[in-house]
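A look at the structure
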Amino acid sequence: MPQLTLNQLCKTYGKNSVVDHLDLSLAQGELVSLLGPSGCGKTTTLRMIAGFIDPTSGTVEVDGKVLSSARGSVPPERRGMSMIFQSYAIWPNMTVAENVGFGLAVRKVAAAEIRRRVDEMLDVVQLRALRDRYPAELSGGQQQRVALARSIVVRPDVLLLDEPLSNLDANLREEMRSEIRRLHDEFRITTVYVTHDQSEAMAISDRIAVMNGGRIEQVDTPWALYNRPRTPFVAQFIGRTNLLAATCASSELRFDGFSLPAALLDDAAPGGAVTVSVRPQDLQLSAQRPADGAGGIEVTVVGRTYLGDCWDYTVMPANASGQAIKVNTNPSVLLDVGRRAWLVFDSRKLVAV
Amino acid sequence: MNNPLSSILKLPAQPLRLAQHPRRRLDPTLLVFVLLLLVLVALVANPILRLVWESLRAGDGSITLQHYADAFGKQRNLKALLNTLYLGLASTGMAMAFGVPLAWAVSRTTMPGRQLIQGGVLATFVMPPFLGAVAWILLAGPNAGWLNKRWSELTGADGGPFNIFSFWGIALLIALYAFPLVFVFSKSAFDLISTEMEDAAAIHGASGRQVFRRVTLPLALPAIVGSAILVFLEAISLFGTPALLGIPARINVATTQMSTFFEHPLRMGTAAAYSMPVLGATVLLLLLQRRLLAKKGYVSVSGKGGERRPLDIGPFKWLLAAYGAFILLLSVALPLGILLQSAFARAWGKGLAASNLTLANFHYIFFEQMTVRQAMLNTVLYALAAAAACVVLGIVVAYVTQRRLLPFPGLIQFMALAPFAVPGIILAVGFYAAYAGAPFSLYGSGWLIVLAYITRFLPIAATTTGASLRSLNPELEEAVRILGGGRFMVLRKVVVPLLRKSLIGAFMLVFVIATRELSTAVFLTGPQSRVMSVLTLDMSEQGQYEILSAMGIVLLLMTTVVVGIGMKLAGRDFMLRRH
């Protein structure tokens with residue numbers, strides 16, 4: 001039974017639709033990320049789940065019970081959820097232990113019990129030694145751990161995270177990323193994680209919901225999102241890609257200036273006009289015409305950038321009228337700008353989006 | 001592996017009492033809204049509307065313009081309005097001449113004694129204007145004034161050249177105690193202009209003088225003009241100084257003219273009608289001031305980046321320091337000196353001599369004269385009550401409007417800030433009309449004064465608490481909610497503890513200002529509800545300057561202690577922040 005369900009959730013401000021008929025279900029213990037560019041409605045969605053914002057229409061349900069609807073909402077404090085905020089929202093007037101124990105105190109847990117649970121939780125996030133410090137004395141990473149401890153110690157039904165790593169520097173970000181995943185693996189709390197950073201979402205999530213313009217474009221595992229994007233937006237947002245327009249007719253894909261066998265597509269080819277996504281690193285470029293049957297097409301090198309671990313080439317198919325193609329090659333492939341070369345497509349790396 | 005997590009997982013769960021059904025969240029907040037709206041209507045809307053209504057109401061309840069005809073049909077009344085305008089312009093000009101150069105020098109130059117000058121400005125701010133006026137009667141009254149006597153001793157002349165009971169005397173006194181406003185506004189504008197902007201002008205070939213004229217001054221100008229407007233408004237609505245100095249000199253201004261309508265027979269309608277031009281001018285000028293300061297792009301003054309290097313102005317720095325010292329001598333040092341001398345004297349005119357020293361004046365005000373003691377007690381009590389109420393109302397208004405908890409946040413905000421546009425004496429007329437008579441019959445009760453004070457200082461409390469609330473990240477409050485705490489717990493555990501300093505600061509600011517408020521109190525006090533400021537007028541009229549000085553010293557001492565504590569608790573600049 002799915003634990004957290006968003007059902008046709010909408011939020012509009014005046015004429016401006018921020019969240020648009022959003023459907024999403026999380027299984028018990030699942031970690032799902034809401035991923036998208038800023039302004040895509042992911043934070044609004046999270047705040048509707050938390051109960052800080054009422055939906056315009058649609059519902060938020062936990063275990064079949066409606067918590068939010070257009071007719072009214074259960075206030076945040078009675079949802080049994082917890083949340084980690086972008087600013088951490090550690091109360092500066094309370095010590096680390098008081099911060100972590102707050103939710104337990106609200107739940108009227110006995111003082112001795114609070115103390116025991118807080119200390120155990122602080123052990124988990126390795127902050128026991130700092131239990132009586134004030135937040136102003138802690139580093140960003142330590143504050144983040146306090147926020148984690150504070151929201152997990154109450155064992156919420158649902159844990160919400162709002163861009164929790166965006167204020168940390170790059171090294172710490174990776175460390176905290178694995179910390180959050182470790183805690184999730186231990187506690188198995190149903191979790192919604194909002195981020196605009198695709199590598200963060202890939203590293204941490206069971207599934208990712210890619211959002212754009214208030215709608216969900218695709219919900220899938222990180223592997224599927226990367227290798228089987230379903231929309232041009234997803235293909236472009238997760239990693240780099242070439243989006244090529246084609247028409248599909250009688251087992252052949254006709255591109256601008258060249259054709260390929262439709263069998264190269266990972267799925268059955270749809271008929272008619274189609275957009276094909278192919279990642280730059282799934283293409284090969286060589287100076288020599290490949291052996292017959294490998295399906296190489298003739299191109300001209302129009303630009304290149306050295307990135308250290310690879311060359312980033314831009315090539316133009318011989319008879320094409322406009323669209324250039326990006327190719328990543330290993331550093332040893334050296335081709336001057338203006339040269340002729342041959343581009344080889346791997347089978348099953350082309351995805352119709 | 002001994003995993004601490006497993007033990008936590010086994011702990012008994014403590015689930016919250018989850019709501020069974022979603023419900024409308026409005027119910028309790030609606031009650032708060034209605035309550036807050038009622039309070040604001042009673043404190044703000046009703047007195048102001050009653051003022052307008054009284055100006056139009058005939059004795060039989062019909063609408064009439066007779067009050068306007070009475071108010072503006074007399075040569076004397078019109079002359080008073082004209083005098084008000086002249087006095088406003090003269091004192092504004094002087095206040096600018098005092099405040100702007102000093103603000104620039106303290107903010108941007110290597111002038112010696114910058115800290116001292118800043119401290120002196122704060123001291124000027126603490127000195128109630130009516131006390132300054134009393135001190136200057138002792139300093140520059142014709143013949144008997146201390147300065148005139150010294151002059152006669154030096155020159156052998158009969159009498160001295162100074163006469164404080166004159167147009168320019170009044171203008172000087174208003175300017176002396178209003179210039180801190182100009183100083184604070186101008187200084188914060190100068191503080192924000194980065195040296196890089198001036199350097200940019202210099203590197204493109206501007207001379208030092210051109211840099212000041214074409215870059216620095218234009219950038220600071222909106223703030224300076226804005227402060228000039230505030231000083232002008234302060235000058236035209238001031239009652240104490242014109243009453244103390246103008247009435248003996250037969251110089252009548254709008255506020256003193258208004259007080260004659262409150263003599264027997266009471267002419268409430270005329271007073272209400274007569275206040276309209278001043279009220280209208282105040283509203284218009286405040287709107288203008290808002291617009292000037294709202295041009296943020298102009299005062300661009302990018303906050304960060306750009307060092308601020310003090311400018312070396314050579315020998316001019318000594319000239320400026322002397323100028324500053326001279327102004328502070330006039331506003332603080334001389335008045336304080338003469339008040340002290342007089343407070344400890346048997347007769348102030350006899351000067352400093354062992355035979356003239358006494359503590360009798362203090363004994364008199366504390367133990368003998370019950371009127372004075374009662375007034376001192378009232379002053380403290382009313383100021384405490386008003387300050388507490390203002391801070392509570394202020395934080396509630398700021399909280400519900402900023403967090404958008406209630407419908408019509410704009411209306412609530414507007415009502416809380418509107419009293420700022422009503423001069424104290426006009427507010428007093430409105431309160432008198434609204435609550436002095438039946439059915440409330442509050443005249444003579446301290447409540448009437450406390451309520452009027454709350455209204456008068458609510459804008460100050462609302463803006464100071466609002467500014468500090470704005471610095472509080474709402475996520476700190478949301479974290480309480482999501483972990484199971486209600487709105488009340490949010491306030492108790494997070495908002496109030498974190499804003500404690502600013503709330504104390506706002507409390508003390510209102511307290512200090514309320515202890516010296518005169519114009520709001522002047523029509524509202526009865527025999528049992530006198531305050532020190534009002535008593536000052538009576539005692540000055542009766543010539544009891546020694547006792548008056550003793551009372552003034554007590555007031556100053558009390559204020560200084562409160563300001564000192566406030567600076568400790570709420571930060572050094574809590575009085576001089578620009579709001």
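Here the focus is the overall build of chain A. In terms of regular secondary structure, chain A is built from eight helices and 21 strands. With respect to the three principal axes, the spread of C-alpha positions in chain A is 80 × 45 × 35 Å. Every one of the 353 residues in chain A was classed for burial, and the buried ones make up 42%. Look at the contacts in chain A between residues 6 or more apart in sequence, and 64% of them connect residues 24 or more apart.

As a further point, take the overall build of chain B. Summing up its helical and strand segments, chain B has 23 helices and zero strands in all. Here the C-alpha radius of gyration of chain B, 27 Å, is about what a compact globule of 579 residues would show, namely 25 Å. Residues classed as buried in chain B amount to 47% of the 579 residues present. Within chain B, contacts between residues at least 6 apart in sequence are counted, and of these 79% link residues at least 24 apart.

What follows deals with the sheet that holds strand E11 (residues 215–220) of chain A. All names here are of chain A. Strand order in the open sheet formed by six strands is E7-E8-E9-E3-E10-E11, and the pairing between neighbours is mixed. Since the sheet does not close on itself, it has two edges, and those belong to strand E7 (81–84) and E11, each with one partner. Pairwise comparison of adjacent strand axes, ignoring direction, gives a mean angle of 20° for this sheet. As defined by bridge partners, strand E10 (residues 207–212) adjoins E11 across five bridges and the pair is classed as antiparallel. Across the sheet, valine 210 pairs through a bridge with glutamine 218, a residue of E11.

A few words now on the nonpolar core. Counting residues in hydrophobic clusters, the biggest one holds 251 residues, and the most contacted among them are B:Ala386, B:Cys390, B:Phe457 and B:Val510. Residue contacts for B:Ala386: discarding those within four places in its chain leaves B:Val450, B:Tyr453, B:Ile454, B:Phe457, B:Val510 and B:Ala514. Counting 23 residues, the second-largest nonpolar core is a separate cluster that includes A:Val278, A:Leu285, A:Tyr313 and A:Val315.

Residue and element names in this part refer to chain B. Where helix H20 (residues 474–482) contacts helix H21 (residues 487–515), the axes come no closer than 10 Å and their chain directions differ by 140°. As far as their axial angle goes, H21 and H20 are oblique. When you trace H20 past H21, the crossing you get is right-handed. For the pair H20 and H21, the contacting residues are Leu476, Glu477, Val480 and Arg481 in the first and Met489, Val490, Lys493, Val494 and Val495 in the second. Taken together, the residues of the contact of H20 with H21 sort by class into six nonpolar, no polar and three charged.

A word on the pairing of E10(A). All names here are of chain A. As judged from the four bridges shared by strand E3 (residues 31–35) and E10, these two strands associate in the parallel manner. Paired with leucine 34 across the two strands is alanine 209, which belongs to E10. Here E10 folds back onto E11, and the loop between the two strands holds two residues, one of which, glycine 213, carries a positive phi near 55°.

Residue and element names in this part refer to chain A. With respect to the helices and strands, valine 351 occurs in strand E21 (residues 351–352). A C-alpha to C-alpha distance of 5.7 Å links valine 351 and leucine 265, two positions 86 residues apart in sequence. Apart from residues lying up to four places away in sequence, valine 351 is in contact with Arg228, Pro229, Asp266, Val276 and Ser277.

Accessible area lost upon the coming together of the parts serves often as the stated size of an interface. Residues and elements named next belong to chain B. Looking at chain B, the domain boundaries give domain 1 (30–64 + 359–579) and domain 2 (75–351). The distance between the C-alpha centroids of domain 1 and domain 2 comes to 24 Å. Taken together, the contact pairs 35 residues of domain 1 with 39 residues of domain 2. Those elements that provide at least two residues to the side of domain 1 that touches domain 2 are helix H2 (26–56), helix H18 (424–436), helix H22 (532–541) and helix H23 (545–570). Looking at side-chain class alone, the side of domain 1 that touches domain 2 contains 19 nonpolar, 11 polar and five charged residues.

Through backbone hydrogen bonds, the strands of a sheet pair up, either in parallel or in antiparallel fashion. Residues and elements named next belong to chain A. With antiparallel pairing, the five strands of this open sheet are ordered in space as E14-E13-E12-E15-E21. Sheet topology places strand E14 (259–261) and E21 at the edges, where each strand pairs with a single neighbour. Pairing of strand E15 (residues 272–278) with E21 involves two bridges; the strand directions are antiparallel. Within the sheet, the bridge partner assigned to valine 276 lies in E21 and is alanine 352.

Here the focus is the environment of B:Ala325. Along the chain, B:Ala325 turns up in helix H14 (residues 316–343). In the structure, B:Ala325 is positioned 105 residues away from B:Gly430 in sequence and 41 Å away in space, judged by C-alpha atoms.

Next up on the list: helix H12 (residues 254–261) of chain B. All names here are of chain B. Ala254, Thr255, Gln257, Met258 and Phe261 are the residues of H12 that are buried. Angularly, the buried residues of H12 cover 160° about the axis, an arc narrow enough to put them on a single face. Those residues of H12 that are buried are in contact with helix H4 (75–108), helix H10 (208–237), helix H11 (240–246), helix H13 (268–294) and H18.

Each assigned domain of chain A is listed with its residue range as follows: domain 1 (2–233) and domain 2 (240–352). Between the C-alpha centres of domain 1 of chain A and domain 2 of chain A the distance comes to 41 Å.

Its identity is not glycine, yet A:Arg155 carries a phi of approximately 40°, on the positive side. In this structure, A:Arg155 sits in the loop between helix H4 (140–152) and strand E8 (158–162). Assessed through the 20 C-beta atoms surrounding it within 10 Å, A:Arg155 is described here as buried. Here the phi dihedral of B:Arg250 falls at roughly 60°; this positive angle occurs in a residue that is not glycine. With respect to the secondary-structure elements, B:Arg250 resides in the loop between H11 and H12. Of the residues examined, B:Arg250 has 7 C-beta atoms within 10 Å and is grouped as exposed.

Turning next to the pairing of strand E17 (residues 296–306) of chain A. All names here are of chain A. In this sheet, strand E20 (residues 340–345) lies alongside E17 in antiparallel orientation, the contact comprising five bridges. Each residue of the ladder has a partner; that of glutamate 298, found in E20, is tryptophan 342. In this sheet, strand E18 (residues 311–317) lies alongside E17 in antiparallel orientation, the contact comprising seven bridges. Residue pairing across strands places glycine 303 opposite threonine 314, the latter belonging to E18. Between E17 and E18, which pair antiparallel one after the other, the connecting turn spans four residues, and glycine 308 there sits at a positive phi close to 90°.

So, how was this worked out
- Throughout, a residue's number is its position along its own chain's written sequence, starting from 1.
- Working convention: letters from A go to chains and numbers from 1 go to ligands, in the order in which they are written.
- Local features are withheld for residues below a pLDDT of 70 in this predicted model, meaning they are given only at 70 or higher, and side-chain atom pairs are given and counted only at 80 or more; totals for whole chains, interfaces and linings count all residues.
- Starting at the N terminus, helices and strands are each numbered in turn, a helix being any DSSP run of H or I of at least four residues and a strand any DSSP run of E of at least two.
- With C-beta atoms placed from the backbone, a residue is buried if 20 or more other C-beta atoms are within 10 Å of its own, exposed if 12 or fewer are, and partly exposed between those counts.
- The contact rule is simple: place each C-beta atom from the backbone, and if two of them lie within 7 Å, those residues are in contact.
- As defined in this context, the radius of gyration uses C-alpha atoms, and a globule is described by 2.2 Å times the residue total to the power 0.38.
- By definition, two strands form a pair when at least two bridges between them are found by DSSP.
- For every element, the axis is a line fit to its C-alpha atoms; helices are fit only across the contacting stretch, and the angle between N-to-C directions ranges from 0 to 180 degrees.
- Put simply, a nonpolar core is buried Ala, Val, Leu, Ile, Met, Phe, Trp, Tyr and Cys residues tied into one set by C-beta atoms within 7 Å.
- Any angle that falls under 35 degrees is termed roughly parallel, while one over 145 is termed roughly antiparallel, one within 65 to 115 roughly perpendicular, and all others oblique.
- Handedness of a crossing is defined here by the sense of rotation of the near helix relative to the far one, left-handed for an anticlockwise turn of less than a right angle and right-handed for a clockwise turn.
- Under the scheme applied, nonpolar residues are Ala, Val, Leu, Ile, Met, Phe, Trp, Tyr, Cys and Pro; charged residues are Asp, Glu, Lys and Arg; polar residues are all the others, including Gly.
- Residue ranges for the domains originate in an automatic or database domain assignment.
- Summarising the geometry, the arc corresponds to the directions from the helix axis toward the C-beta atoms.

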